[in-house]
Amino acid sequence: MGSSIMEAKKLEVFEVGPCNDAYQMGFLIGQRFSNEIRSRLSRDLILQNQLLPFAQTLESQQLIKSLIDNNRKKFPGYWDELIGTAEGSGVPVLDVILINFRKEILPFLPKTQTNTKVDASDDCSDVLVVSDTMAIAAHNEDANVALVGHTYLIRATLSDGSSFVGYTYAGELPSCAFGFNTHGLAFTLNSVPPSESEIMAGGIGRNFTSRDLLEATSIDDALSRIQSSEISVGHSYNLIDTRWRKILNVETASRNRVSVCEVGGSPFFHANMYLHLQIEQRLSKKQNR
């Protein structure tokens with residue numbers, strides 16, 4: 001039987017660590033996936049047509065500086081990991097910074113017809129259920145077309161002997177999609193669309209918060225990390241305790257607003273709209289049911 005036109009490419013897994021420091025971990029990841037990162041950056045229309053041109057304008061400078069300063073101050077290790085990824089892959093550091101802060105920068109771009117067409121917020125959905133007979137978290141990974149063929153799994157061992165696995169978008173910190181660790185904590189993410197008035201310029205980035213979750217020691221620790229993150233743009237986190245069969249849906253918004261819903265026996269569906277945190281949000285094509 002002949003090969004199909006589109007053959008499935010096996011998702012690559014890279015085992016890294018323990019490393020001397022966070023920069024070395026990022027450098028090794030960047031070095032290993034240099035081709036994927038370069039390819040993703042060259043094909044990412046949001047980066048090429050929106051983020052890079054905006055970064056050359058005077059009006060962008062304070063926003064980007066605030067994002068860099070605040071995230072580097074709160075998460076110096078993860079910042080070093082990000083810089084290591086850029087330098088290990090041999091791509092411009094600015095490009096890697098921009099794709100990691102995509103969600104935090106795009107709302108502040110001048111509104112044009114092009115921006116509205118390219119920036120779709122309908123990313124990922126989950127069905128969650130916890131009953132006496134089953135505990136399920138089913139996640140659909142539905143991201144930008146530029147990521148097709150540009151993702152990989154990072155299996156990292158940390159200096160304390162613990163480890164995590166993160167599904168990673170090329171050039172970004174693990175993981176703004178889903179991951180799990182040896183402490184029995186897993187998570188998936190759903191994008192949500194807060195209105196512009198609900199977004200705090202220069203706050204903590206989604207990618208840094210989710211990277212932090214990979215090192216959480218329990219579901220309570222994960223929740224605490226989310227609550228203290230001082231985020232810029234809201235997000236939805238599905239926290240999964242694999243040892244105690246517990247799932248929490250956590251919706252967040254800027255100014256430390258957090259709403260927690262524990263999942264029970266009735267199937268809980270979350271996509272790209274807020275369900276229980278009461279804030280002003282933009283309309284999305286994908287509605288929650």
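Scroll up a little and you will see the structure.
Note that the structure is predicted; figures quoted are calculated from it, not measured.

Calculation notes
- Residues numbered from 1 in each chain as written.
- Predicted model: local features only at pLDDT ≥ 70, side-chain atom pairs only at ≥ 80, totals over all residues.
- Heavy atoms only, no water.
- Helix = DSSP H or I, 4+ residues; strand = E, 2+ residues; numbered from the N terminus.
- Buried < 20%, exposed > 50% of the residue type's maximum accessible area, 1.4 Å probe, protein only.
- Contact = heavy atoms within 4.5 Å.
- Pairing = 2+ DSSP bridges.
- Axes fitted to C-alpha atoms, helices over the stretch in contact; angles between N-to-C directions.
- Parallel < 35°, antiparallel > 145°, perpendicular 65-115°, else oblique.
- Left-handed = near helix turned anticlockwise from the far one by under 90°.
- Nonpolar A, V, L, I, M, F, W, Y, C, P; charged D, E, K, R; others polar.

(A) Up close: the side chain of R211. On the secondary structure map, R211 appears in helix α9 (residues 206-213). On the accessibility criterion, R211 (2% relative accessible area) is buried. Filtering out sequence-adjacent residues up to four positions away, R211 remains in contact with M25, Y78, E81, F164, L173, P174 and S175.

(B) Structural context of α9. Counting buried residues along α9, 8 of its 8 residues qualify, which places the element largely inside the surrounding structure. Within the span of α9, buried status applies to R206, N207, F208, T209, S210, R211, D212 and L213.

(C) The arrangement of the pairing of strand β8 (residues 235-241) in detail. For β8, a buried count of 7 out of 7 residues is recorded, marking the element as mostly surrounded by other parts of the structure. With 7 bridges joining them, strand β7 (residues 185-191) and β8 adopt antiparallel strand pairing. Paired with N190 across the bridge in β8 is S236. Relative to strand β9 (residues 246-253), β8 is paired through 7 bridges, and the arrangement is antiparallel.

(D) Looking closely at the packing of helix α5 (residues 76-89) against helix α6 (residues 93-100). For the pair α5 and α6, the least separation of the axes is 8 Å and the interaxial angle reads 130°. Relative to α6, the element α5 lies oblique. Relative to α6, α5 is oriented so that their crossing is right-handed. Taking contact as the criterion, the partners of W79, L82, I83, A86 and E87 in α5 are, on α6, V93, V96, I97 and N100. Here the contact of α5 with α6 is built from residues that sort into 7 nonpolar, 1 polar and 1 charged.

(E) The environment of N207, seen in detail. Within the secondary structure, N207 is located in helix α9. For the pair N207 and S175, spaced 32 residues apart in sequence, the C-alpha separation works out to 6.9 Å. What N207 contacts, discounting residues up to four positions off in sequence, is I99, N100, E172, L173 and C176.

(F) Main features of the sheet that holds strand β6 (residues 178-181). Across the sheet, 8 strands lie side by side as β1-β4-β5-β6-β7-β8-β9-β10; this open sheet has mixed pairing. Among the strands making up the open sheet, the edge pair consists of β1 (13-16) and β10 (257-262). Each adjacent strand pair in this sheet contributes to an overall mean axis angle of 20°, direction not counted. Summarising the sheet, strand β4 (residues 151-157) and strand β5 (residues 163-169) pair through 7 bridges and their orientation is antiparallel. Among the inter-strand pairings, I154 is bridged to a residue of β5, identified as G166. In this fold helix α10 (residues 219-227) packs onto β7, β8, β9 and β10, with an angle of close to 165° to the strand it touches most, β8.

Don't take any of this as a statement about function, it's just geometry.
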